[in-house]
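Here's the letter readout for the chains.
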Amino acid sequence: LSRKVEMTNWEKGHYINYKGLSENLSIVRKRLNRPLAFAEKILYSHLDDPHGQEIERGSSYLKLRPDRVACQDATAQMAILQFMSAGMPSVATPTTVHCDHLIEAQIGGAKDLARANDINKEVYDFLSTSCAKYNIGFWRPGSGIIHQIILENYAFPGALLIGTDSHTPNAGGLGMTAIGVGGADAVDVMAGLPWELKAPKVIGIKLTGQLSGWATPKDIILKVAGILTVKGGTGAIVEYHGPGTETLSCTGMATICNMGAEIGATTSLFPFNDRMYDYLKATKRTAIGDFAREYAQELREDEGTQYDELIEINLSELEPHINGPFTPDLATPISKFKEAVKANKWPEELKVGLIGSCTNSSYEDMSRGASIAEDAMAHGIKAKSLFTVTPGSEQIRATIERDGQLKTFEEFGGMVLANACGPCIGQWDRRDVKKGEPNSIISSYNRNFTGRNDANPATHSFVASPDLVVAMTIAGTLNFNPLTDTLKDKDGKEFKLKAPTGDGLPSRGYDPGNDTYQAPPEDRSQVSVAVSPSSDRLQVLEPFSAWDGKDATDLPILIKTQGKTTTDHISMAGPWLKYRGHLDNISNNMLIGAINAENGEANKIKNILTGGYDAVPAVARDYKKNGIPWVVVGDWNYGEGSSREHAALEPRHLGGLAIITRSFARIHETNLKKQGMLPLTFSDPADYDKISPADKVDLLCTELAVGKPMTLRVHPADGKTFDIKLSHTFNEGQIKWFKNGSALNTMAKERAS
Ligand code: SF4
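Residues numbered from 1 in each chain as written. Predicted model: local features only at pLDDT ≥ 70, side-chain atom pairs only at ≥ 80, totals over all residues. Heavy atoms only, no water.

### A few points about the overall build of the chain
Put simply, the rule is: Each helix is a run of H or I in the DSSP string that is no shorter than four residues. Each strand is a run of E no shorter than two, and both are numbered from the N terminus. Three exposure classes are used, based on accessible area relative to the maximum for each residue type with a 1.4 Å probe and protein chains only: buried under 20%, partly exposed in between, and exposed over 50%. Whether two residues touch is decided by their heavy atoms; if any such pair falls within 4.5 Å, the residues are in contact. Only the protein chains shown count as cover for residues, and all accessible areas are computed by the Shrake-Rupley method using a 1.4 Å probe. Think of it this way: Lys and Arg go in the positive column, Asp and Glu in the negative one, and His and the chain ends go nowhere. Charge positions come from single atoms, namely NZ of Lys, CZ of Arg, CG of Asp or CD of Glu.
When you go through the chain residue by residue, the secondary structure sums to 23 helices and 30 strands. For the chain, the spread of C-alpha atoms along the principal axes amounts to about 90 × 60 × 50 Å. Buried residues in the chain amount to 61% of all 753 residues. For the chain, the proportion of contacts with a sequence separation of at least 24, taken over those separated by at least 6, is 73%. With an accessible surface of roughly 27700 Å², the chain has 49% of that area assigned to carbon and sulfur atoms. Measuring between centres, the 81 positive side-chain charges of the chain sit 1 Å from its 91 negative side-chain charges.

See the structure below:
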């Protein structure tokens, strides 16, 4: 195992360390002395301290050393801005950035791409120059969707990847543990710090039998989503195993892992097998495939592995499914779908069919889809509904252009969109229906929440395999089952579509297409990062100031929030996405969705300096201008939702000192600590009720010590001063973050000394 095999063809000097991983694993094996799941093997072989780390599935926090980091363009902006403020010359862990989310679908690939290059120029310039500066691989707009590029170029069996996107698990199709994280976690790993993950439980899914006819890998995950629901995978890795796994293509396995994000799973994973080897070979990585074969016994589960939950699916009996509308776990087998359409009064006419995206745009998907389109055209008919094709990468686009599938789709009536997210993430200038008009669309994507595709809450969005999408598009209605129903040919004669066929891999190899990769230059010292001082989308971050070493006295309570305060309430998405790279501008959404306990209203709080009511960000800015730090008082599970670091950066930027709640969502609590804030909880949750929004408080920061409570001295607006106890979860290292002003300041300070 001590051979030198590069992790990827795009970088030099980053070798696959199966030897080191196997050594770590044998340390953990001795300690645990039980059979290990494949997911456990990958995680435990990446432990920062395999000797000392406490390991209990579902409870301990693992400190891990990922092999790679991947960021998409919407999340990369703030991640890189933060990384820059740590003052390091280059990333400590191999990292790539992918331009895919900011391209809007309107009239077709080339023109849409040109428009995006124009609209997003300053963001792309910033990403391109900062990647060059800090030794990050940069995939330009048009290169494709992050997860497809990772599968084609970077994923390898037994590796650990974190990515700032929820569908990062796609790489599980190549036996990689690939986990979606927030930007703050990515910054830590880019800077060389270990990454923390609660040791996941492992759900086993045993596959037997073999798919045939219209059933595809997508139908496996559509069925699993129906069984486990959108919450069923929370805190767990879903691990597929059993003889059925050998029968699936590598890209099909990636589809399954990709959509595993819809059941809330930490990630999903397949064991290394010959199909993965074939894919590695087809993508010019035979050396990796050969090396993985040497390490193969650790690239699957041990015999006798105990799963926390076990599900069995016989692929020979699996029916194609359609999931939706509005939620990806509402699974209906195709044989029951017509009934469901009628019973639920879903709009029967199918307006648009959309294939591709990061979930389903493999060569196999495109070939099978094209075989159905060809069958229809041989009978003289074409798509009845509008039809779009989103290639997942430039390599896929160029290959299906060379091999003819793209032409087939165009003749069939399809519009080929840019190699980007487009309608999957609402980047779709849809014109065929009016906002609010009920209508149905079906896609081979993964997520179908209300309004996600076209911002129309009345759009009924269904997800299915690309095969079913193409078939239903021909029929133009949801009342069609291609397995049993007939269509009318150009002469009105009835015919049945043939079951789709298609190659898993291109027999002539992949065509790389246009060169869309920007490697970091050898000499990076002369590169300067492009951020215009007048930009409203990007802003260089100034390091936060260090703690002054004193207790804080006479602090106003900016807002006492009541009920749920999620990260959406703290830092809304939607139109604010545009400002993800500009901390000052995005701070204008701080807490605007939170409910003020004083008046039950959102974004209306009292400014103690003026006595008037104003928006939350405006009052915070006024306090900051006057040099007055403030605190927030919150209810249970404050900060639940996403891991977005903006929800912690914004209160810090606008002068907040502490967030005091009944309890925190763990990731948000850590994010606050990282930004140098004090997340504190009432030792007695009933004390929440003792505080009125008009009170002033002293926070005895000098008491901050591991495992000790802190005092909050409350000066009620009317009444006698009293003390209450606050708890916290700071450890020694995190206390330094507070003292130095942030985790990044601490890192910069420690590097300098
Ligand atoms: Fe996310 Fe859709 Fe883009 Fe995939 S195609 S990365 S699911 S937005």
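Moving on from the coordinates now.
### Remarks on the sheet that holds strand 2 (residues 68–72)
Filter applied, for reference: The rule for pairing is simple: two strands pair if DSSP sees at least two bridges between them. Only the contacting stretch of a helix is used when fitting its axis, a line to C-alpha atoms as for every element, and angles between N-to-C directions run 0 to 180 degrees.
What the six strands build is an open sheet, ordered 6-5-2-3-4-21; its pairing is mixed. Edge positions in the open sheet fall to strand 6 (177–180) and strand 21 (517–518), since each of these has one partner strand only. Running at roughly 115° to strand 2, helix 3 (residues 73–85) makes contact with strand 2 and strand 3 (95–98) of the sheet.

### Considering helix 22 (residues 732–740)
Rule in force here: In protein, a polar contact requires one atom able to donate a hydrogen and another able to accept it; more generally it is a pair of N or O atoms within 3.5 Å, and residues adjacent in sequence count only if both atoms are side-chain atoms.
Those residues of helix 22 lying buried are Gln 734, Ile 735, Trp 737, Phe 738 and Asn 740. Summarising the contacts, the buried residues of helix 22 are in contact with strand 26 (656–661), helix 21 (666–674), strand 27 (678–682) and helix 23 (743–752). You can read the cap of helix 22 off the contacts: a side-chain oxygen lies 3.2 Å from the backbone nitrogen of Gly 733, and it is on Asn 731. Phi for Gly 741, located one or two positions after helix 22, is positive at around 105°.

### Describing the pairing of strand 7 (residues 195–198)
Because side chains alternate across strand 7, one face comprises the buried residues Trp 195 and Leu 197, and the other comprises Glu 196 and Lys 198, none of which is buried. Here strand 1 (residues 61–64) pairs with strand 7 via four bridges, running antiparallel. Directly across from Lys 63, in strand 7, lies its bridge partner Glu 196.

### A word on the sheet that holds strand 28 (residues 696–699)
The seven strands lie next to each other as 22-25-26-27-30-29-28, forming a closed barrel whose pairing is mixed. The mean inter-strand angle of the sheet, taken between neighbouring strand axes irrespective of direction, is 40°. Of the pairings in the sheet, the one linking strand 25 (residues 630–634) to strand 26 comprises five bridges and is parallel in character. Bridge pairing links Trp 630 to Gly 656 in strand 26. Sitting on the sheet, helix 19 (residues 616–625) is in contact with strand 22 (552–560) and strand 25, with an inclination near 170° to strand 22.

### What to know about the domain arrangement of the chain
Condition: An automatic or database domain assignment supplies the start and end points of every domain.
The domain boundaries assigned to the chain delineate domain 1 (320–481 + 489–494) and domain 2 (552–752). Each of domain 1 and domain 2 has a C-alpha centre, and the two are 45 Å apart.

### Re the packing of helix 8 (residues 217–228) against helix 9 (residues 250–259)
Definition in use: Geometric relationships in this document are graded by angle, where less than 35 degrees denotes roughly parallel, more than 145 denotes roughly antiparallel, 65 to 115 denotes roughly perpendicular, and other angles denote oblique. In this scheme, a crossing is called left-handed if the near helix is turned counterclockwise away from the far one by less than a right angle; it is called right-handed if the turn is clockwise. For this classification, Asp, Glu, Lys and Arg are treated as charged, while Ala, Val, Leu, Ile, Met, Phe, Trp, Tyr, Cys and Pro are nonpolar and the rest, including Gly, are polar.
Interaxial distance between helix 8 and helix 9 falls to 8 Å at its minimum, and their mutual angle equals 25°. As the angle between them shows, helix 8 and helix 9 are arranged roughly parallel. With respect to the hand of their crossing, helix 8 and helix 9 are arranged in right-handed fashion. Mapping the contact onto sequence places Pro 217, Lys 218, Ile 220, Ile 221 and Leu 222 in helix 8 and Gly 252, Thr 255, Ile 256 and Met 259 in helix 9. Classifying every residue of the contact of helix 8 with helix 9 by side-chain character gives six nonpolar, two polar and one charged.

### Overview of the nonpolar core
To be explicit about the condition: Among the buried residues, those of types Ala, Val, Leu, Ile, Met, Phe, Trp, Tyr and Cys that are joined through side-chain atoms within 4.5 Å form a nonpolar core.
Ile 220 and Tyr 240 are the most contacted members of the largest nonpolar core, which has 168 residues in total. For this core, the domains that each give at least three residues are domain 1 (320–481 + 489–494) and domain 2 (552–752). Once you skip the residues sitting within four places of it in the chain, Ile 220 turns out to touch Leu 207, Leu 211, Tyr 240, Leu 248, Ile 256, Ile 313, Leu 315 and Leu 318. Leu 680, Ile 691, Ile 724 and Leu 726 belong to the second largest nonpolar core, which has 25 residues in total.

### Overview of the pattern of salt bridges
Note the threshold: Here a salt bridge means any side-chain nitrogen of Lys or Arg lying within 4 Å of a carboxyl oxygen belonging to Asp or Glu.
Summed over all chains, the structure comprises 44 salt bridges. Where Asp 635 meets Arg 662, a salt bridge forms, and the shortest distance between an N and an O atom there is 3.2 Å. Placement of Asp 635 in the loop between strand 25 and helix 20 (646–653) and of Arg 662 in the loop between strand 26 and helix 21 is noted, with a sequence separation of 27 residues between them. Judged by its relative accessible area of 16%, Arg 662 falls in the buried class. We note a salt bridge from Arg 662 to Asp 689, for which the minimum N-O separation is 3.4 Å. With Arg 662 in the loop between strand 26 and helix 21 and Asp 689 in the loop between strand 27 and strand 28, the pair connects residues that are 27 residues apart, well separated along the chain.

### Comments concerning the side chain of Asn 456
Tracing the backbone through its elements, the reader meets Asn 456 in the loop between strand 17 (439–443) and strand 18 (459–463). For Asn 456, a relative accessible area of 2% corresponds to the buried category. Polar contacts involving the side chain of Asn 456 include one to the main-chain carbonyl oxygen of Lys 434, which spans 3.5 Å. When neighbours within four sequence positions are excluded, Asn 456 is seen to be in contact with Val 433, Lys 434, Lys 435, Gly 436, Glu 437, Asn 439 and Gly 451.

### Description of unusual backbone geometry
A cis amide bond links Gly 324 with the next residue in sequence, Pro 325, at an omega value of 0°. You can see Pro 325 is positioned in the loop between strand 12 (321–323) and strand 13 (331–333). Its identity as a non-glycine residue notwithstanding, Asn 135 has a phi of 65°, on the positive side. Mapped onto the elements, Asn 135 comes out in the loop between helix 5 (121–133) and strand 4 (137–139).

### Section: the packing of helix 22 against helix 23
Helix 23 packs onto helix 22 with a crossing angle of 95° between their chain directions and a minimal axis gap of 7 Å. When the interaxial angle is binned, helix 22 and helix 23 end up roughly perpendicular. Residue-level contacts link Lys 736, Trp 737 and Asn 740 of helix 22 to Ala 743, Asn 745, Thr 746, Lys 749 and Glu 750 of helix 23. Here the residues of the contact of helix 22 with helix 23 are counted per class, giving two nonpolar, three polar and three charged.

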